[in-house]
Amino acid sequence: MNPTQNAWHHIRRSPIQSLVAVLVMTISFLSLNLFVIVSNGMSDVLKYFETKPEITIFLKDGLDKTTVENLQQELTSYPGIREIKFISKDKALSLYKEQNKNNPILTEMVTASILPASFEVSVSNPTVLEQISQNFSAKKDQVDEIIYQKDIIKSLLNWTDIIRKVGIISVSVSTLITFLIISVIIGMKITNRKEEISISRLLGASNFYVKKPFLIEGIIYGLTGGFVGALSAFGLSQFFAKSINHFFSPITFISTNISFYIYLLGLSLALGSMIGFLASWLGAKRYIKF
Amino acid sequence: MNVVFKNVSKHFGVINALNDVSFEIKSGDFVFLVGPSGAGKSSILKLVLHQYHPSSGHIYLDGEDIFLHHKSIVDKLRRNIGVIFQDYQLIADKTIEENIALALDINGVPASEIPARVEKVINQVNLNSRRHLFPSQLSGGELQRSALARALAVEPKLILADEPTGNLDPENSWMLIKLLTDINSQNGTTIIMTTHNMDIIQSLNKRIIAVKNGAIATDSQPVVVDIVKVEKTKFKKKLKRK
């Protein structure tokens, strides 16, 4: 009987303990994978806002054409400017009418003279927005108001940070618990097979020879738990993907990229086998002392 | 395998299991360890197997002090020792065949060779019909023979047999003794056997170490038989009858 067959024999001889080990490992990897999927979604949301940085500068009424052109010229001098769109009062009115086409009373009341002209500036480097905001806020006789996504990004960053911290703490705690449970289960199995181990030792088996089936057993738990946990997380995320992605539209919060899931599965298997191995190694080290 | 005990003592708390025991068993010897229960016979075997640690003294196997070496060396030494334990020490949830195969696997015998080696020893001890059974399904005598088969399978340099005929009927006892003497004479395997069976001891003319109260009481070498003298006596007796 080779060590793998021996490990399988141990698993079959105490199915409840083995089931608990796989279950704990599965729950751990389910939470780990869900956390990674949500984190990835949060990053995408953040990236979306970060890669679409815009600032809108509303101008005061009554500015002459040269002043407006100067302001536009100044904006173009900033690094990383992608596009500068000037929304004249007339254009603002047509936009307003488009937005409120279902409310004719409003569109009749509002004229181009009461709507402000503005610049919509999109940049490739979001840090420049802060600079533009500060410099143009100082032009109080020309600029009426400035709006940009700083607050949205700040709030998103806060949320992402909180989710990451909570995720990392809970995944670490669950991994630690899993590690200890596997270690204790392997310890119990070693105690159950104490006689077999001591006979093998008397027959000349090395310490590693008697430990090997238990180490393989731990790796089997890790691989099974990692595989089932990852697949369950993928199944769950795909089940809710449509509604969640619709909510975050146009952002794809739940990834549909197959290679992302293959990568996650590989990571789960590698991590699972490592946790299983280390936990069983600790259990074997503690309990095999004869 | 050469076995040397040099002033070996073993204490269990206040109980002295062995007290300043010294002897040498040369490679290829067949030695009986005799004595009443609790005299220290099993302790000697357990010390040879490194199952016990001596309280004082030295034990040498093939010139190596086994208690000065790293555990891996002890494992290697144990692989050269075949043991027939008094309580059989067979793994309960493995069949007889698997128990024997395990010993071979521990000895590093290639997997492809294991079935043939198992087959050979199972036939030697007449356990062919019991090979797929578990130890709990066998009688005392069958268990004893299974333990013997496992010890023989690894083709050891030294066999330690602790009361191997204790649970055997006379026929199987003699079969076991024949197997051990054959292995001793053919392979030069050193054999140390504890027993209470005086018929076997008297009929074999082997060295006998008698242990009493944890010490060597007597150490009698086998009687060297002068064949010429024996034959001459036999001839004279026959002539007288005529």
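Residues numbered from 1 in each chain as written. Chains lettered and ligands numbered in written order. Predicted model: local features only at pLDDT ≥ 70, side-chain atom pairs only at ≥ 80, totals over all residues. Heavy atoms only, no water.

Student: Is there a simple way to explain the interface of chain B and chain A in this structure?
Tutor: In many reports, interface size means the accessible area that the parts give up when they come together. At the interface, 19 residues of chain B touch 17 residues of chain A. Together chain B and chain A conceal approximately 1700 Å² of surface at their shared face, both sides included; 54% is due to carbon and sulfur atoms. When the buried area of chain B at its contact with chain A is split by residue, Arg-78, Asp-93 and Ile-106 of chain B rank highest and sum to 31% of it. Counting across the interface, chain B meets chain A through three salt bridges. Arg-193 of chain A is the salt-bridge partner of Asp-93 of chain B, the closest N and O atoms lying 2.6 Å from each other. Those elements that provide at least two residues to the side of chain B that touches chain A are helix H2 (71-79) and helix H3 (96-106) of chain B. For the side of chain B that touches chain A, the leading source of residues is H3 of chain B, giving five residues. (Contact = heavy atoms within 4.5 Å. Buried area = accessible area lost by both parts, 1.4 Å probe. Salt bridge = Lys/Arg side-chain N within 4 Å of Asp/Glu carboxyl O. Helix = DSSP H or I, 4+ residues; strand = E, 2+ residues; numbered from the N terminus.)

Student: Can you walk me through the pairing of strand E4 (residues 56-61) of chain B in this structure?
Tutor: All names here are of chain B. Strand direction decides the pairing type here: strand E1 (residues 3-12) and E4, joined by five bridges, are antiparallel. The residue bridging Ser-9 from the neighbouring strand is Ser-56, located in E4. In this sheet, strand E5 (residues 64-65) lies alongside E4 in antiparallel orientation, the contact comprising two bridges. What sits directly across from Tyr-60, in E5, is Asp-65. If you look at the hairpin formed by E4 and E5, you'll find two residues sitting between the two strands, and Asp-62 has a positive phi there, around 50 degrees. (Pairing = 2+ DSSP bridges.)

Student: So what exactly am I meant to see when it comes to the domain arrangement of chain A here?
Tutor: Partitioning chain A into domains gives domain 1 (3-49 + 154-287) and domain 2 (54-148). When each unit is reduced to the centre of its C-alpha atoms, the spacing between domain 1 of chain A and domain 2 of chain A is 53 Å. (Domains from an automatic or database assignment.)

Student: Can you walk me through empty space enclosed by the protein in this structure?
Tutor: One way to see where empty space is left: roll a probe the size of a water molecule over the atoms. Summed over all chains, the structure comprises four cavities of 30 Å³ or more. Contributing to the lining of the largest cavity are Asn-6, His-10, Arg-193, Glu-196, Ile-197, Ser-200, Tyr-209, Val-210, Pro-213 and Phe-214 of chain A together with Leu-102 of chain B. Sorting the residues of the lining of the largest cavity by element identifies helix H1 (3-13), helix H8 (194-202) and helix H9 (207-248) of chain A as the ones contributing at least two each. It is H9 of chain A that provides the largest number of residues to the lining of the largest cavity, a total of four residues. (1 Å grid on protein atoms, 1.4 Å probe; cavity = no way out; pocket = protein on both sides within 12 Å on 5 of 7 lines; lining within 4 Å. Points joined across faces, edges and corners; volume = space filled by probe spheres on them.)

Student: When you look at helix H6 (residues 170-187) of chain B in this model, what are you seeing that I'm missing?
Tutor: Residues and elements named next belong to chain B. An ideal rise of 1.5 Å per residue puts 26 Å on 18 residues; H6 measures up with 25 Å between its terminal C-alpha atoms. Buried within H6 are the following residues: Asn-172, Ser-173, Met-175, Leu-176, Ile-177, Leu-179, Leu-180, Thr-181, Ile-183 and Asn-184. Lining the buried residues of H6 we find strand E3 (30-34), helix H4 (114-124), helix H5 (140-153), strand E7 (158-162), strand E8 (190-194) and helix H7 (198-204). The backbone nitrogen of Glu-171 has a side-chain oxygen 3.1 Å away, supplied by the residue at the start of H6, namely Asp-169. (Expected span 1.5 Å × (residues − 1). Buried < 20%, exposed > 50% of the residue type's maximum accessible area, 1.4 Å probe, protein only. Polar contact = N/O pair within 3.5 Å; in protein donor to acceptor, adjacent residues only side chain to side chain.)

Student: Help me understand the packing of aromatic side chains in this model?
Tutor: Think of a pair of aromatic rings as described by two things: how far the centres are apart, and how the planes are tilted against each other in angle. Under the defined criterion, the tally for this structure stands at nine aromatic pairs over all chains. Between the aromatic rings of Phe-234 of chain A and Tyr-261 of chain A, the centroid separation amounts to 4.9 Å while the plane-to-plane angle is 70 degrees, which identifies the pairing as edge-to-face. Note that Phe-234 of chain A is positioned in helix H9 and Tyr-261 of chain A in helix H10 (residues 258-287), a separation of 27 residues in sequence. Note on accessibility: Phe-234 of chain A and Tyr-261 of chain A belong to one class, buried. Ring centres of Phe-5 of chain B and Phe-23 of chain B lie 4.6 Å apart, and the angle between their planes is 15 degrees; this geometry places the pair in the stacked category. On the criterion of sequence distance, the pair formed by Phe-5 of chain B in strand E1 and Phe-23 of chain B in strand E2 (residues 15-25) is long-range, its members being 18 residues apart. Looking at Phe-23 of chain B, the relative accessible area reads 8%, which means it is buried. (Phe/Tyr/Trp six-rings, centres within 6.5 Å; stacked < 30°, edge-to-face > 60°.)

Student: Explain the sheet that holds E8 of chain B to me, please; I cannot follow it from the model alone.
Tutor: Each strand in a sheet pairs with its neighbour through backbone hydrogen bonds, running either in the same direction (parallel) or in the opposite one (antiparallel). Residues and elements named next belong to chain B. With mixed pairing, six strands are arranged side by side in an open sheet as E6-E7-E8-E3-E9-E10. Each edge of the sheet is formed by a strand with only one pairing partner; in this case those strands are strand E6 (81-84) and strand E10 (215-220). Geometrically, the sheet is characterised by an average inter-axis angle of 15 degrees between neighbouring strands, direction not taken into account. Along the sheet, H5 contacts E6 and E7; its crossing angle with E6, the most-contacted strand, is approximately 180 degrees. (Axes fitted to C-alpha atoms, helices over the stretch in contact; angles between N-to-C directions.)

Student: Explain the packing of H4 of chain B against H5 of chain B to me, please; I cannot follow it from the model alone.
Tutor: When two helices pack together, their arrangement is given by the angle between their axes and by how far apart the axes lie. Residue and element names in this part refer to chain B. At a minimum axis separation of 9 Å, H4 and H5 run at an interaxial angle of 135 degrees. The orientation of H4 with respect to H5, classified from their angle, is oblique. Along this stretch, H4 crosses H5, giving a crossing that reads as right-handed. Along its contact with H4, which presents Arg-117, Val-121 and Gln-124, the element H5 presents Ala-149, Leu-152 and Ala-153. Of the residues that constitute the contact of H4 with H5, the class distribution is four nonpolar, one polar and one charged. (Parallel < 35°, antiparallel > 145°, perpendicular 65-115°, else oblique. Left-handed = near helix turned anticlockwise from the far one by under 90°. Nonpolar A, V, L, I, M, F, W, Y, C, P; charged D, E, K, R; others polar.)

Student: Could you clarify how one ought to interpret unusual backbone geometry in this entry?
Tutor: Among all residues save glycine, negative phi is the norm, and among peptide bonds the norm is trans. Cis geometry is adopted by the peptide bond preceding Pro-250 of chain A, which originates at Ser-249 of chain A and carries an omega value of 10 degrees. For Pro-250 of chain A, the position within the fold is in the loop between H9 and H10. Phi is positive for Asn-7 of chain B, close to 50 degrees, though the residue is something other than glycine. Following the sequence through the fold, Asn-7 of chain B ends up in strand E1. Its relative accessible area of 40% is what places Asn-7 of chain B among the partly exposed residues. The backbone of Tyr-88 of chain B shows a phi angle near 65 degrees, a positive value even though the residue is not glycine. Among the secondary structure elements, Tyr-88 of chain B is positioned in the loop between E6 and H3.

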